[in-house]
Amino acid sequence: MEEMNFKIDGKIIKETKCVKGFCCLKKDGKPHCQVIDSLNHEIHFVKSVTNSCRYKTTFGFSCICNCPTRKEIYNRYRR
């Protein structure tokens, strides 16, 4: 899979309180959690790879990502 440097609006970056240093936006970075489904580009179900993310919420047997930056990466780049 090709990795890329994502460009995200500064307003969205300011909304995001990332404890991982925005590593998903760095040159060889990639999002931590894979989006497996999205409803209206607002609710993003993810296959979680981390337990330490403040934006991950469990929903039944699924996980939802509420990270503004991660959601924008998916909505803009489908990654």
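Residues numbered from 1 in each chain as written. Predicted model: local features only at pLDDT ≥ 70, side-chain atom pairs only at ≥ 80, totals over all residues. Heavy atoms only, no water.

If a probe as big as a water molecule is rolled over the atoms, it shows which places are left empty. For the coordinates displayed, the defined rule picks out one cavity of 30 Å³ or more. Put simply, the largest cavity is a space of about 260 Å³. Lining the largest cavity are 22 residues, with Lys-20, His-32, Cys-53, Cys-67 and Arg-70 positioned closest to its centre. Considering only residue class, the lining of the largest cavity consists of 12 nonpolar, five polar and five charged. (1 Å grid on protein atoms, 1.4 Å probe; cavity = no way out; pocket = protein on both sides within 12 Å on 5 of 7 lines; lining within 4 Å. Points joined across faces, edges and corners; volume = space filled by probe spheres on them. Nonpolar A, V, L, I, M, F, W, Y, C, P; charged D, E, K, R; others polar.)

This part covers the confidence of the model for the chain. Scored by pLDDT, the chain comes out at a mean of 86, with 92% of its residues at no less than 70. Element-level pLDDT for the chain is lowest in strand β3 (residues 56-59), with a mean of 90, against a maximum mean of 95 in helix α1 (residues 10-15). (pLDDT = per-residue confidence, 0-100. Helix = DSSP H or I, 4+ residues; strand = E, 2+ residues; numbered from the N terminus.)

For the rest of this paragraph, the subject is the sheet that holds strand β4 (residues 62-65). In space, the four strands of this open sheet follow the order β1-β2-β4-β3, with antiparallel pairing throughout. With partners counted over all chains shown, the strands left at the sheet margins are β1 (34-39) and β3, one partner each. Averaged over all adjacent pairs, the angle separating strand axes in this sheet is 40 degrees, with direction ignored. Examined bridge by bridge, strand β2 (residues 43-47) and β4 share three bridges and lie antiparallel to one another. What sits directly across from Val-46, in β4, is Cys-63. (Pairing = 2+ DSSP bridges. Axes fitted to C-alpha atoms, helices over the stretch in contact; angles between N-to-C directions.)

A few words now on unusual backbone geometry. Its identity as a non-glycine residue notwithstanding, Phe-22 has a phi of 55 degrees, on the positive side. The backbone of Arg-78 sits at a positive phi, close to 55 degrees, despite the residue not being glycine. Tracing the backbone through its elements, the reader meets Arg-78 in the segment after α2 (68-77). The class of Arg-78 is partly exposed, set by a relative accessible area of 47%. (Buried < 20%, exposed > 50% of the residue type's maximum accessible area, 1.4 Å probe, protein only.)

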